[in-house]
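Coordinate inspection notes
Letter by letter, the chains look like this.
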Amino acid sequence: GLLTGAIVTFFVGCGLMVWGLEASAGQGLGGTILGTLFTPYCAGFENLVFAAILARSGGDGREVVINSLVNNVTNLTILIGLPAVIWSGVAPRKGERRGRKEATNDAEPALNRLSLLLTLAAALFFTGALWVVGRDGRIDFNDGLILVGAFLFWQVFHVFGVLKRRLTAERPWGLGILIDFVLLGVAAWGIYISIDWLVIWLGSTKSAVVSPEYLGWLSGWLMVLPNGLLAFYYGWKRRPEMTCSSQIGDGHICVPLGIGLFALVRPIQVPALFQSGIYLLAGAAVFTFLLFLFFGRVNRPAGIVLVGTYVWFV
């Protein structure tokens, strides 16, 4: 009963989230801005909820780190690589359709590409910051302040980008966007409830496979499902800027925000997975950055490499 209700609520919330994001795009928000600023909070909200629930219940901070690393590695490997394998490329190309209308000018694909490169550079910076604060085997309150502060500065940068976009928008943003954001909030609340139930269920189950011992891994895989839904939905819709930016941007919610917020409440002893996870994250970010820089896309062979890397990681 509890497990069934949690799963149903989780997927209903995810579906409502995707519908709200698509409606917001139709109201005039650009795909790259939507993917780098708004989508990550929707897709990554459950990771923040997981960290908050563990902090509230006195849980082990190592599970938050494992959850974040599993989530981010999945985002930067298989959820970018598999759409590239299926649709043979996930970066915007000149003249292709974006959403419900054609690009307004030839510069927009180049701007989207630069935005994705900047987001990847931020992912590499945040990964490096986490490695620096966790090198001594412990992430404490001061380390948490550094991580959260870096994330907030990044978000302020994007907020100004959104304000500039609003000034140059062809049509003003109306009441419809506010309604869409309310629906996104309802979806986020549903996801919060479902994850709370799932954590309770995992803590009480007696299964040898689904065990609290693997809480970080299991929660990481579960909470990446909304990202997978977004990746394949926007890949199918031929919205490559959303496919990439949503996956890369969601990683910023986990690293550094989720880990940083938990460290503000309780110190974290880093898990054994920490070093290998950091190196893999940094490698995937550099690899994807170079692909965008020189080719403007993640092609099918590169997608196969990313999927194979994730299989090796697991």
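It should be noted that the structure appears before, not after, this text.
Below or above, wherever it landed, is the structure these notes cover.

Cut-offs applied
- Counting restarts for each chain: residues are numbered from 1 in the order of the written sequence.
- Per-residue local features are limited, in this predicted model, to residues with pLDDT of at least 70; the limit for side-chain atom pairs, both in listing and counting, is 80 or more; totals at the level of whole chains, interfaces and linings are taken over all residues.
- In computing side-chain properties, one takes all heavy atoms of the structure into account and sets aside hydrogens as well as water.
- Axes here refer to lines fitted to C-alpha atoms; in helices the fit is confined to the stretch in contact. Angles between the N-to-C directions go from 0 to 180 degrees.
- A helix here means a DSSP run of H or I that spans at least four residues, while a strand means a run of E at least two residues long, and both kinds are numbered starting from the N terminus.
- Just so you know how the angles are binned, under 35 degrees is roughly parallel, over 145 roughly antiparallel, 65 to 115 roughly perpendicular, and the rest oblique.
- Working rule for contacts: check all heavy atoms of both residues, and any pair within 4.5 Å makes them a contact.
- Take the residue count of a helix, subtract one, and multiply by 1.5 Å to get its expected span.
- We call a residue buried when its accessible area falls under 20% of the maximum for its residue type, exposed when it is over 50%, and partly exposed in between, using a 1.4 Å probe and counting protein chains only.
- Here the arc refers to the directions that run from the helix axis out to each C-beta atom.
- Each pair of aromatic rings taken from Phe, Tyr and Trp, with Trp reduced to its six-membered ring, is defined by centres within 6.5 Å and is described as stacked if the planes are under 30 degrees apart, edge-to-face if over 60, and tilted in the remaining cases.

**What about the packing of helix H8 (residues 215-223) against helix H9 (residues 225-236)?**
Where H8 contacts H9, the axes come no closer than 4 Å and their chain directions differ by 30°. In terms of orientation, H8 and H9 fall into the roughly parallel class. Of the residues in H9, those touching H8 at Trp-221, Leu-222 and Met-223 are Leu-225, Pro-226 and Asn-227.

**Re helix H11 (residues 274-295)**
The end-to-end C-alpha distance of H11, which contains 22 residues, comes to 31 Å, matching closely the 32 Å that a straight helix rising 1.5 Å per residue would cover. Taken together, the buried positions of H11 are occupied by Phe-274, Gly-277, Ile-278, Leu-280, Leu-281, Ala-284, Ala-285, Thr-288, Leu-291 and Phe-292. End-on view of H11: buried residues confined to an arc of 165°, all on one side of the axis. Pointing more than 90 degrees away from the buried face of H11 are the exposed residues Tyr-279, Phe-294 and Phe-295. Looking at the residues trailing H11, positive phi occurs at Gly-296, about 70°.

**Some remarks on the packing of aromatic side chains**
Evaluated as defined, the whole model comprises 7 aromatic pairs. Relative to Phe-157, the ring of Trp-154 has its centre 5.9 Å away and its plane inclined at 15°; by these criteria the two rings are stacked. Of this pair, Trp-154 and Phe-157 are both found in helix H6 (residues 141-167), 3 residues apart, which corresponds to roughly one turn of the helix. Relative accessible area serves as the criterion here: at 44%, Phe-157 is assigned to the partly exposed category. Here a set of aromatic residues connected by ring pairs shows up, and it is made of Phe-125, Phe-126, Trp-154 and Phe-157.

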